[in-house]
Protein chains: 4
Amino acid sequence: MKKNRLEGFSDGVIAIIITIMVLELKVPHGEDIETLMPLIPVFLSYVLSFVYLGIYWNNHHHMLHAVQTVTGAILWANLHLLFWLSLVPFATGWMGENHFAAAPSALYGVVLLMAGVAYLILQQLIIASQGPGSIIKEAVGGDWKGKLSAVLYVVAILSAFRWRWISLGLYVLVALLWLIPDRRIEKVLRSEAPG
Amino acid sequence: MKKNRLEGFSDGVIAIIITIMVLELKVPHGEDIETLMPLIPVFLSYVLSFVYLGIYWNNHHHMLHAVQTVTGAILWANLHLLFWLSLVPFATGWMGENHFAAAPSALYGVVLLMAGVAYLILQQLIIASQGPGSIIKEAVGGDWKGKLSAVLYVVAILSAFRWRWISLGLYVLVALLWLIPDRRIEKVLRSEAPG
Amino acid sequence: MKKNRLEGFSDGVIAIIITIMVLELKVPHGEDIETLMPLIPVFLSYVLSFVYLGIYWNNHHHMLHAVQTVTGAILWANLHLLFWLSLVPFATGWMGENHFAAAPSALYGVVLLMAGVAYLILQQLIIASQGPGSIIKEAVGGDWKGKLSAVLYVVAILSAFRWRWISLGLYVLVALLWLIPDRRIEKVLRSEAPG
Amino acid sequence: MKKNRLEGFSDGVIAIIITIMVLELKVPHGEDIETLMPLIPVFLSYVLSFVYLGIYWNNHHHMLHAVQTVTGAILWANLHLLFWLSLVPFATGWMGENHFAAAPSALYGVVLLMAGVAYLILQQLIIASQGPGSIIKEAVGGDWKGKLSAVLYVVAILSAFRWRWISLGLYVLVALLWLIPDRRIEKVLRSEAPG
């Protein structure tokens, strides 16, 4: 019951974030194809952020699936995650409009890093609430993906000021790393319960 | 369970897309009826896109109704469809504000074509996941509607640069073609299960 | 099942409409209380439209509660209603920004009239789908409220061009008329089923 | 059934309010870090309002959990609460853009006060509908938190015109007061029903 409402609210917020992001793609005033050219970096950063939000929605979905009870701490950790995700459209728009300039590319990484940290906090709270034998704990194991992503975000933030394309490349790399849905949880869940 | 959340998220995104599209209808500054005149093409393209999104929501609804298990591939194919649908407000706004000029009308067709292709990919993945005797496969048959729509979109994109009204006429025609809800799936479902 | 998704989608669209309407209340640039003054008519028209959308959500809720099967025609009649409701923020913004001028006040009435007609069509289709002994039919009876509202809207649209305050007064009157939730359906439902 | 739709609609509206609020954080035109500086007060007021809306969502969630029947009066009291919450983005934007100037800070308090009053009305109606032995009544007791908040809002509104930082400090204080989820209801619920 409580869990349903948490999922519904999170889905609503993520659905709105993913969709208002497209409002940064402002309708150009000319009618020629060339008027679309300046929008290409805005479009590309939209694609990247769409994929990131899709990954978060997907993994959030898998993680909550294994939750039994929603505590007050989990509720707030979830809101904390949604807070950082809500800043993605701003960071995406700033990066896209400035053609991947240094500071906007670094800020984009900071927002992704904070969202990643918020996700980790939520994950830890869920593991703690499940006690020993936690399905999530077993599923994520040492969580090398989460740790590696955090390291790559930090490298990307620092490189943004000198080699911005490396920075952008790292954001794409982390997205690819996660694009594969978190089969770890799925696998453990399947071995626990039939169907 | 998982399916419910996929439906809920898709409904949320489609509901937001359909509604933010109306934000392109910017409140004019004058108070006379004449100030509404330049908005007429924006309004007409809004009506057309509203119908298209209604069709997608409707058919998506019927298709997911027949899905039993949601795989990772289906989740991402669904996000891919939502991605192209999220570009509809942009393409609609550009086309409407430029009174159905060549490039915007062609872009509108490209977005519709890509959404159509994304829908087909989703449909194929669902059919594949259902194995032999798939309800969806039986329901869509040779899928002449999907194929014809793709051909008509391509013709419309090409004609946009010479005969823009033919292009627009084709978009209206494809919408009319689909306005009839996909009774094929409904029919097969009804013959499978009573009630 | 199908009904749940129709309700969910309608709720989503109405929730978004009601909330994006507030975006017309643009943050003023000064920091004095006086800078809020020009926003007063925008605010008042927001209040009026918020009440109207609340009424629609409320009555839609009661009406769908009594629906057993959702046909294709009902789906499209529902989308048709949502279409006209989606134009409420535009009409509200235009009327508010022009301090209830003639044409904007008339347009506001046209949108309300069309939404009312769309609601009636939806109601008739639901009654038809329920066959003889329809709960909705019994509940609405001669539907004097719906008929009176339509007449008052027409009077309001016509008076907008001469006596705008009468026009506005009629919009407030119709809202008050409906503010009382549709107890008719509730009453009949209660007498049919215990609990 | 009815309750679910009330929760779903409220969640939708709160999710949209919380997310469109971020649209006030307008993407700056420069690409330097300094261009972000004027956005800092806008960002801080966004954080504050995000926390407030999180608190409302959280407590609304707990309160509705204990509701058995949704009357017409409860439906409208809920819409009344959503109305005041929908004004939070406007008040937040005005306060943030004017760096916590007097009138905007006072207006922010007025909106919070009205939302608080609307919450109290909703709470009283739910208690009344539950009759003697109401779980909510037992849970909130004398409701010192609600009463204290109202007093602090009034003090904050009045101090805004002389000592604006006291005013802002009081808004932060009230948020901290409520940040702790309403364990009172949780506690009573737990002692009533196992699980």
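The rules behind these values
- Residues numbered from 1 in each chain as written.
- Chains lettered and ligands numbered in written order.
- Predicted model: local features only at pLDDT ≥ 70, side-chain atom pairs only at ≥ 80, totals over all residues.
- Heavy atoms only, no water.
- Helix = DSSP H or I, 4+ residues; strand = E, 2+ residues; numbered from the N terminus.
- Buried < 20%, exposed > 50% of the residue type's maximum accessible area, 1.4 Å probe, protein only.
- Contact = heavy atoms within 4.5 Å.
- Areas by Shrake-Rupley, 256 points an atom, 1.4 Å probe, with all protein chains shown as cover.
- Lys, Arg positive; Asp, Glu negative; His and termini not counted.
- Charge placed at Lys NZ, Arg CZ, Asp CG, Glu CD.
- Phe/Tyr/Trp six-rings, centres within 6.5 Å; stacked < 30°, edge-to-face > 60°.
- Least-squares fit on C-alpha atoms with pLDDT ≥ 70 in both.
- Core = buried A, V, L, I, M, F, W, Y, C linked by side-chain atoms within 4.5 Å.
- Buried area = accessible area lost by both parts, 1.4 Å probe.
- Salt bridge = Lys/Arg side-chain N within 4 Å of Asp/Glu carboxyl O.
- Polar contact = N/O pair within 3.5 Å; in protein donor to acceptor, adjacent residues only side chain to side chain.

**Q** Looking at this structure, how should I read the overall build of chain A?
**A** Counting its regular elements, chain A contains 9 helices and 0 strands. Each principal axis of the C-alpha distribution contributes one length, and for chain A these read about 60 × 35 × 30 Å. Expressed as a percentage of its 195 residues, the buried residues of chain A come to 60%. Taking contacts inside chain A between residues at least 6 apart in sequence as the whole, the part at least 24 apart equals 79%. Summing over all exposed atoms, chain A offers an accessible surface of approximately 7,800 Å²; the carbon and sulfur share of this is 70%. Within chain A, the 12 negative side-chain charges are centred at a point lying 12 Å from the centre of the 13 positive side-chain charges.

**Q** Please clarify how the arrangement of the chains should be interpreted in this entry.
**A** The closest approach of any C-alpha atom in chain A to one in chain C is 9 Å; the two make no contact. Left apart from each other, chain B and chain D have a closest C-alpha approach of 9 Å.

**Q** Looking at this structure, how should I read the environment of D:L82?
**A** Checked against the element boundaries, D:L82 lands in helix α3 (residues 72-86). Along the chain, D:L82 and D:Y119 lie 37 residues apart, while their C-alpha atoms are 9.4 Å from each other. When near neighbours in sequence (up to four residues on either side) are disregarded, D:L82 contacts C:F50, D:F9, D:S10, D:V13, D:I14 and D:I17.

**Q** Where do I start with the packing of aromatic side chains in this structure?
**A** Any two aromatic rings considered together are summarised by their centre-to-centre distance and by the angle between their planes. Applying the stated rule across the entire model yields 36 aromatic pairs over all chains. Taken together, a centroid distance of 5.8 Å and an interplanar angle of 70° make the contact between A:Y56 and A:Y119 edge-to-face. Within this pair, whereas A:Y56 is found in helix α2 (residues 40-65), its partner A:Y119 is found in helix α5 (residues 102-130), the two being separated by 63 residues in sequence. Side by side, A:Y56 and A:Y119 carry an identical accessibility label, which is buried. Ring plane angle 80° and centroid distance 5.2 Å describe the contact between B:F83 and B:W84, whose orientation is recorded as edge-to-face.

**Q** For this particular structure, what's the right way to read the relation of the copies chain A and chain D?
**A** The two chain copies are connected by a rotation around an axis plus a translation along it. Mapping chain A onto chain D leaves a residual RMSD of 0.0 Å; the transformation is a rotation of 90° accompanied by 0.0 Å of translation along its axis. The superposition of one copy onto the other is thereby described by a four-fold rotation axis. The position closest to the rotation axis in chain A is occupied by the C-alpha of A:G12, lying 4.5 Å away. The residues that chain A uses at the interface reappear at the interface of chain D in only 4% of cases, marking distinct surfaces.

**Q** Sorry, what's going on with the nonpolar core here?
**A** Side chains that are nonpolar tend, in soluble globular proteins, to be buried together. One finds A:Y171, B:Y171, C:Y171 and D:Y171 to be the most contacted residues of the largest nonpolar core, which totals 290 residues. Those residues in contact with D:Y171 that lie beyond four places of it in its chain are D:L48, D:Y52, D:S105, D:A106, D:Y108, D:G109, D:L112, D:Y153, D:A156 and D:I157.

**Q** It is not clear to me how the interface of chain A and chain D should be interpreted in this structure. Could you clarify?
**A** Residue-level contacts link 28 residues of chain A with 41 residues of chain D. Interface of chain A and chain D: buried area, both sides summed, is about 3,000 Å²; carbon and sulfur atoms make up 74% of it. Joining chain A to chain D, the criterion identifies 2 salt bridges. Run the count over chain A and chain D and you get 5 residue pairs in polar contact (both at pLDDT 80 or more). Broken down by secondary-structure element, the contributors of at least two residues to the side of chain A that touches chain D are α1 (2-20), α3 (72-86), α4 (88-97) and α5 of chain A.

**Q** Even after reading the chapter, I still don't get the environment of B:L168, so can you show me in this structure?
**A** With respect to the helices and strands, B:L168 occurs in helix α8 (residues 164-179). Put simply, B:L168 and B:S105 are 63 residues apart on the chain and 7.4 Å apart in space, counted from C-alpha to C-alpha.

**Q** Is there a simple way to think about the interface of chain B and chain C in this case?
**A** A common way to state how big an interface is: give the accessible area lost once the parts meet. Tallying the contact residues gives 41 residues for chain B and 28 residues for chain C. Around 3,000 Å² of area is buried between chain B and chain C when both sides are counted, 74% of it from carbon and sulfur atoms. Three residues, B:V27, B:E31 and B:W57, lead the burial of chain B against chain C; their summed loss comes to 21% of the area buried on that side. Notably, a salt bridge pairs C:R5 with B:E7, separated by 3.9 Å at the nearest N-O pair. Put simply, chain B and chain C have 5 residue pairs in polar contact (both at pLDDT 80 or more) between them. Those elements that provide at least two residues to the side of chain B that touches chain C are α1 (2-20) and α2 (40-65) of chain B.

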